[in-house]
Amino acid sequence: MSHHEHHHEHEHVHDHEHEHDHDHDHAHEHLSYMSPGVEPAVFAAQASVVFTTPLQPATADSLVERFLSRVAEGLSAAHCLLVGHIKGTLVTPSGDALGLHLTSLDGRPHIDGSLGSAAHEATFTVNVIVFGVAESALPHLVTEAWEAASGAHATTTWRN
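Description of the structure in this document.

Rules and cut-offs
Residues numbered from 1 in each chain as written. Predicted model: local features only at pLDDT ≥ 70, side-chain atom pairs only at ≥ 80, totals over all residues. Heavy atoms only, no water. 1 Å grid on protein atoms, 1.4 Å probe; cavity = no way out; pocket = protein on both sides within 12 Å on 5 of 7 lines; lining within 4 Å. Points joined across faces, edges and corners; volume = space filled by probe spheres on them. Helix = DSSP H or I, 4+ residues; strand = E, 2+ residues; numbered from the N terminus. Nonpolar A, V, L, I, M, F, W, Y, C, P; charged D, E, K, R; others polar. Axes fitted to C-alpha atoms, helices over the stretch in contact; angles between N-to-C directions. Left-handed = near helix turned anticlockwise from the far one by under 90°. Contact = heavy atoms within 4.5 Å.

1. A short note on the layout of surface pockets
Taken as a whole, the second largest pocket spans an internal volume of roughly 170 Å³. Lining the second largest pocket we find Phe51, Thr53, Pro54, Leu55, Gln56, Thr59, Ser62, Leu63, Arg66, Ala149, Ser150 and His153. Mapped onto the lining of the second largest pocket, the elements with two or more residues apiece are β1 (40–55), α3 (57–77) and α4 (138–150). Its residues placed into classes, the lining of the second largest pocket shows five nonpolar, six polar and one charged.

Structure below.
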């Protein structure tokens, strides 16, 4: 009996390098394994974006998905322990809004809303809360991810 119990526990030892693909609640269990001194790193900013080629409703989703995947790649490379959240909005002057939300590095991005028509400009707001990454690294990481995602099709001016 004791041998069986030991074996059962061994099967469930977590390897922290392993990527989990479970629901959102699972990620929060990892908090108990972290040392009490781990502080969240926070980055929040807003940017004015002018699209040299109007952003089409059909491609708006892929733009924010590219942004989120670039942020996740950057955070992985920086050995991020846990994502609190990565969320943002892209709002056009006509009031159309696209919301984006990511809660784990390997999770699917959640995108809400849509653009009703092509946008020549928009306001992009982003808020990132992560653990295990130096807060000083976040501004460059996030702005670079946006530049990489929006590419040559947009001119972005950040305001913190």
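Moving on from the coordinates now.
2. Here's the deal with the packing of α3 against α4
Two elements in contact, α3 and α4, have axes separated by 8 Å at closest approach and are oriented at 145 degrees. The interaxial crossing formed by α3 with α4 has right-handed handedness. Note on element contacts: α4 touches α3 through Leu138, Leu141, Val142, Ala145, Trp146, Ala148, Ala149 and Ser150, opposite Leu63, Arg66, Phe67, Arg70, Val71, Gly74 and Leu75. Residues belonging to the contact of α3 with α4 are distributed by class as follows: eleven nonpolar, two polar and two charged.

Everything listed is a geometric property; what it means functionally is a separate question.
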